[in-house]
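# Examining the three-dimensional arrangement
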Amino acid sequence: QVHLVESGGGLVQAGGSLRLSCAASGRTFSDYAMGWFRQVLGKEREVVAAINWGGGDTAYVGSVGGRFTISRDNANNTVYLQMSSLKPEDTAVYYCAASPGRVLTTSTDDYDTWGQGTQVTVSS
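Here's a quick rundown of the structure. Treat the numbers as computed from the prediction; the structure is a model and nothing was measured. (Residues numbered from 1 in each chain as written. Predicted model: local features only at pLDDT ≥ 70, side-chain atom pairs only at ≥ 80, totals over all residues. Heavy atoms only, no water.)

## Describing the state of the cysteines
As a reminder, the rule being used: Throughout, disulfides are identified as pairs of cysteine sulfur atoms within 2.5 Å of each other. Labels follow the DSSP assignment, with helices taken as runs of H or I lasting at least four residues and strands as runs of E lasting at least two, numbered in each case from the N terminus. Relative accessibility under 20% of the residue-type maximum defines a buried residue, over 50% an exposed one, and the middle range a partly exposed one, all with a 1.4 Å probe and only protein chains included.
Evaluated as defined, the whole model comprises 1 disulfide. The disulfide partner of Cys22 is Cys96, and the S-S distance across this bridge is 1.9 Å. Given an S-S torsion of about 45°, the disulfide between Cys22 and Cys96 has right-handed geometry. One end of the pair, Cys22, is in strand β3 (residues 18-25); the other, Cys96, is in strand β9 (residues 92-99), and 74 residues separate them in sequence. With relative accessibility at 0%, the residue Cys96 sits in the buried group.

## Quick word on the environment of Ser21
So the rule is basically this: The contact rule is simple, with two residues in contact once any of their heavy atoms fall within 4.5 Å.
You can see Ser21 is positioned in strand β3. The class of Ser21 is buried, set by a relative accessible area of 17%. Spatially, the C-alpha atom of Ser21 lies 17 Å from that of Asp90, the residues being 69 residues apart in sequence. In this structure Ser21 touches Val5, Glu6, Ser7, Trp36, Thr78, Val79 and Tyr80, once residues within four positions along its chain are discounted.

## Examining the nonpolar core
The test is simple: Definition used in this section: a nonpolar core is a set of buried Ala, Val, Leu, Ile, Met, Phe, Trp, Tyr and Cys residues joined via side-chain atoms within 4.5 Å.
One finds Met34, Val79, Leu81, Met83 and Tyr94 to be the most contacted residues of the largest nonpolar core, which totals 27 residues. Those elements that place two or more of their residues in this core are β3, β4 (33-39), β5 (46-51), β7 (68-73), β8 (78-83), β9 and β11 (118-123). Ignoring anything within four residues of it in the chain, the contact list for Tyr94 reads Glu6, Leu20, Phe37, Arg38, Val48, Phe68, Leu81, Met83, Gly117, Thr118 and Val120. Counting 7 residues, the second-largest nonpolar core is a separate cluster that includes Phe37, Val47, Leu104 and Tyr111.

## Focus: the pattern of salt bridges
Oppositely charged side chains can form a pair if their charged atoms are brought close together. We apply this condition: In the sections that follow, a salt bridge refers to a side-chain nitrogen of Lys or Arg positioned within 4 Å of a carboxyl oxygen of Asp or Glu.
Enumeration over the complete set of coordinates arrives at 4 salt bridges. A salt bridge links Arg38 to Asp90; the shortest N-O distance between them is 2.9 Å. Separated by 52 residues along the polypeptide, Arg38 in strand β4 and Asp90 in the loop between β8 and β9 bring together distant segments of the chain. Neither residue differs from the other here; Arg38 and Asp90 are each classed as buried. Through salt bridges that share partners, Arg38, Glu46, Arg67 and Asp90 make up one connected network.

## Things to note about the sheet that holds β7
Using the following cut-off: In this analysis, strands are considered paired if DSSP registers two or more bridges between them. For helices, the axis comes from a line fit to the C-alpha atoms of the stretch in contact; other axes are also lines fit to C-alpha atoms, and the angle between any two N-to-C directions lies between 0 and 180 degrees.
Taken together, the 4 strands give an open sheet; going across it, the order is β1-β3-β8-β7, and neighbouring strands pair in antiparallel fashion. Taken across any chain shown, the strands that pair with only one partner, and hence form the sheet edges, are β1 (3-7) and β7. For this sheet, the mean angle separating the axes of adjacent strands, direction not counted, is 15°. With 5 bridges joining them, β1 and β3 adopt antiparallel strand pairing. Looking at the pairing, His3 lines up with Ser25 of β3.

## Description of unusual backbone geometry
Its identity as a non-glycine residue notwithstanding, Asn77 has a phi of 55°, on the positive side. Following the sequence through the fold, Asn77 ends up in the loop between β7 and β8. Judged by relative accessible area, which is 30%, Asn77 ranks as partly exposed. A positive phi angle is found at Ser85, which is not glycine, with a value near 50°. Considering the arrangement of structural elements, one finds Ser85 in the loop between β8 and β9. Relative accessible area serves as the criterion here: at 42%, Ser85 is assigned to the partly exposed category.

All quantities given are derived from atomic positions and should not be read as evidence of function.
Structure (structure tokens):
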């Protein structure tokens with residue numbers, strides 16, 4: 001199983017940018033499709049973006065399209081989420097997750113390994 005550690009969260013003003021990183025260790029990173037999810041207290045975890053094993057196929061869900069970019073560096077076992085034009089409603093705990101298949105998926109049920117999460121707070 002792969003082990004995931006997120007970093008890069010913090011407090012930012014509306015309109016600002018943050019880049020989240022997720023470092024993987026353990027199994028071969030390129031064997032996994034990866035995703036970024038977020039969760040607000042009291043609400044279900046939702047997918048934000050996903051990427052296939054090679055990085056050539058990406059998907060974005062909801063209101064983040066055009067503002068967020070997911071990418072990965074298989075040589076360094078890291079997946080990124082570049083977030084721009086942040087809004088207060090983007091405030092959440094952000095998680096990266098690994099899906100044990102190379103194909104991109106936006107279904108939460110397809111992900112079996114999760115990081116500990118990183119808090120992103122966007123002030124108005």
